[in-house]
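One letter stands for each residue in the lines below.
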Amino acid sequence: MNNANSLEIKADLDNLGQVRDFIEETSKETGLTRECAGELLLAVDEAVSNIIMHGFKSKSDGHIEVEVSHQPDALMVRIRDNAPLFDPTKNRDPHLEISPLERNAPGGFGVYLLNHLVDEIAYRVTDDGRNELSMLKSCS
Amino acid sequence: MSAALRIAVSEEKGNVPVTILHVTGDVDSKTYMDLESKASEVISAGASNILLDLSGVNYMGSAGLRALHGIVNKLKSSGGGKMKLLNPSDAVSRVMFTLGFDKFFDIHKNLDEAVKAF
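Quick caveat: nothing in here was measured; it's all calculated off a predicted structure.

Engineer: Quick question: what am I supposed to make of the packing of helix H2 (residues 34-55) of chain A against helix H3 (residues 90-99) of chain B here?
Structural biologist: Working note: a packed helix pair is described by the angle between its axes plus the distance between those axes. Where H2 of chain A contacts H3 of chain B, the axes come no closer than 11 Å and their chain directions differ by 65 degrees. Two packed elements cross with a definite hand, and for H2 of chain A against H3 of chain B that hand is right-handed. Residues Arg34, Glu35, Gly38, Glu39 and Leu42 of chain A of H2 of chain A touch H3 of chain B, and the partners they reach there are Asp90, Arg94 and Val95 of chain B. Residues belonging to the contact of H2 of chain A with H3 of chain B are distributed by class as follows: two nonpolar, one polar and five charged.

Next comes the structure, spelled out in structure tokens:
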């Protein structure tokens, strides 16, 4: 099976719930375990939140496309956006050994979560010049 | 399915007065500020022992942890106080454990025990 479903949203934090519902429904259709689906949901929400807040700087004139393809025992999620080019896979991990309660402002966790919750993550620039983040979550 | 964030407030008397924030729905990059604001409001009104009941949280992203950090900072700047967590849901536990935040919070599974711990 290699079906793809996609969702396009305006880059607005109000639409995060819509993205999560889309991922949740698709995960159910493919029979992912609850835990596995929850991890994928968290990774996608963090990725889309980062694009809206940092890529588009919370201006809602941008568009984000979330495409999910079913693969045997796995889901591939591709997120494309027309924000300025940025590779989130190259960001450094936050210093997790320091208590978050001692930091002035915790940050950088979104990218850390992406890298730790999915099995494979890759970034490329599409032929039409958009950011594309691919995340593979396998649950066997 | 996604659900709107709701926060209800109640009071318990243990060794000291404890203000409980019952959080339900989704805490994401949009709504986390509402949680921080509600906590700020009760702290400004005099609460210094805050118990966050997280059993009804349907979704929490890293922004939710930013809210918890903000509440701890608000308590510090208001002359000291304590925040404890009650029954984090699976969604809360997932983000807390993945980022290692669970080590830094006092987490309880039972309301009476949590109230007495202040």
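Past the structure itself, the notes keep going.
Engineer: Whenever I open this one, helix H1 (residues 32-44) of chain B confuses me. Can you help?
Structural biologist: Since the α-helix turns once every 3.6 residues, residues separated by three or four places project in the same direction. Residues and elements named next belong to chain B. Its 13 residues give H1 an end-to-end C-alpha distance of 18 Å, which sits within 8% of 18 Å, the value for a rise of 1.5 Å per residue. What H1 keeps buried is the set Tyr32, Leu35, Ala39, Val42 and Ile43. Buried residues of H1, viewed axially, fall in a sector of 105 degrees; they line one side. For H1, the elements touching its buried residues are strand S1 (6-13), strand S2 (17-27), strand S3 (49-60) and helix H2 (62-77).

Engineer: Would you mind going over a negative patch on the surface with me for this structure?
Structural biologist: Residues and elements named next belong to chain B. A cluster of acidic residues, Glu11, Glu12, Asp112 and Glu113, forms a negative patch on the protein surface. Looking at the negative patch, the elements with two or more residues in it are S1 and helix H4 (111-116). Looking at where Glu12 falls in the secondary structure, it is placed in strand S1.

Engineer: Before we go on, may I ask you to explain the interface of chain A and chain B in this structure?
Structural biologist: Interface size is commonly expressed as the accessible area that is lost once the parts come together. Between chain A and chain B, the contact holds 35 residues from the first and 23 residues from the second. On inspection of chain A and its partner chain B, the count reaches five salt bridges. The partner of Arg20 of chain A in a salt bridge is Asp28 of chain B, and the shortest N-O contact between them spans 3.0 Å. In this structure, the connection of chain A to chain B is made through nine residue pairs in polar contact (both at pLDDT 80 or more). Contributing elements (two or more residues each) for the side of chain A that touches chain B: helix H1 (16-29), H2 and helix H3 (109-117) of chain A.

Engineer: Help me understand the nonpolar core in this model?
Structural biologist: Here is a general trend for soluble globular proteins: nonpolar side chains tend to be buried in one another's company. Residues Val48, Ile64 and Ile79 of chain A together with Leu52 and Met83 of chain B are the most contacted members of the largest nonpolar core, which totals 68 residues. With 11 residues, the single largest contributor to this core is H2 of chain A. Every residue in contact with Met83 of chain B, bar those within four places of it in the chain, is listed here: Ile50, Leu52, Leu68, Ile71, Val72, Leu75 and Phe105 of chain B. Residues Ile20, Leu51, Val115 and Phe118 of chain B belong to the second largest nonpolar core, which totals seven residues.

Engineer: Just to check I follow, could you spell out the pattern of salt bridges for this structure?
Structural biologist: Side-chain pairing between opposite charges can occur once the charged atoms of the two side chains come close. For the structure on display, the rule yields 17 salt bridges over all chains. The partner of Asp14 of chain A in a salt bridge is Lys30 of chain B, and the shortest N-O contact between them spans 3.3 Å. Here Asp14 of chain A, found in the loop between strand S1 (4-10) and H1, pairs with Lys30 of chain B, found in the loop between S2 and H1, and the two come from separate chains. With a shortest N-O distance of 2.8 Å, Glu132 of chain A and Arg124 of chain A are connected by a salt bridge. Note on Glu132 of chain A: relative accessible area 3%, which makes it buried.

Engineer: What is the right way to look at the sheet that holds strand S5 (residues 107-108) of chain B in this model?
Structural biologist: Adjacent strands of a sheet form backbone hydrogen bonds with each other and so pair up, either parallel or antiparallel. Residue and element names in this part refer to chain B. Overall, mixed pairing links the five strands, which are arranged S1-S2-S3-S4-S5 in an open sheet. The open sheet has two free edges, formed respectively by S1 and S5, since each of these has just one partner strand. Pairing between S1 and S2: eight bridges, direction antiparallel. Looking across to S2, one finds that Glu11 is bridged to Thr19. Packing of H3 onto the sheet brings it into contact with S3, strand S4 (82-86) and S5, and relative to S3 it is tilted by some 100 degrees.

Engineer: What should I look at first to understand the sheet that holds strand S3 (residues 74-81) of chain A in this one?
Structural biologist: Residue and element names in this part refer to chain A. Strand order across the open sheet formed by five strands is S1-S2-S3-S5-S4, with antiparallel pairing between neighbours. At either margin of the open sheet sits one strand with a lone partner, and together these are S1 and strand S4 (120-125). Taken pair by pair, the neighbouring strands of this sheet meet at an average axis angle of 15 degrees, ignoring direction. Of the pairings in the sheet, the one linking strand S2 (residues 63-71) to S3 comprises eight bridges and is antiparallel in character. Across the sheet, the residue bridging to Glu65 is Arg80, located in S3. H1 contacts S1, S2 and S3 of the sheet and is inclined by roughly 170 degrees relative to S1.

What counts as what
- Residues numbered from 1 in each chain as written.
- Chains lettered and ligands numbered in written order.
- Predicted model: local features only at pLDDT ≥ 70, side-chain atom pairs only at ≥ 80, totals over all residues.
- Heavy atoms only, no water.
- Axes fitted to C-alpha atoms, helices over the stretch in contact; angles between N-to-C directions.
- Helix = DSSP H or I, 4+ residues; strand = E, 2+ residues; numbered from the N terminus.
- Left-handed = near helix turned anticlockwise from the far one by under 90°.
- Contact = heavy atoms within 4.5 Å.
- Nonpolar A, V, L, I, M, F, W, Y, C, P; charged D, E, K, R; others polar.
- Expected span 1.5 Å × (residues − 1).
- Buried < 20%, exposed > 50% of the residue type's maximum accessible area, 1.4 Å probe, protein only.
- Arc of directions from axis to C-beta.
- Patch = residues over 30% accessible without salt bridge, like charges linked within 9 Å, V, L, I, M, F, W, Y side chains within 5 Å.
- Areas by Shrake-Rupley, 256 points an atom, 1.4 Å probe, with all protein chains shown as cover.
- Salt bridge = Lys/Arg side-chain N within 4 Å of Asp/Glu carboxyl O.
- Lys, Arg positive; Asp, Glu negative; His and termini not counted.
- Charge placed at Lys NZ, Arg CZ, Asp CG, Glu CD.
- Polar contact = N/O pair within 3.5 Å; in protein donor to acceptor, adjacent residues only side chain to side chain.
- Core = buried A, V, L, I, M, F, W, Y, C linked by side-chain atoms within 4.5 Å.
- Pairing = 2+ DSSP bridges.

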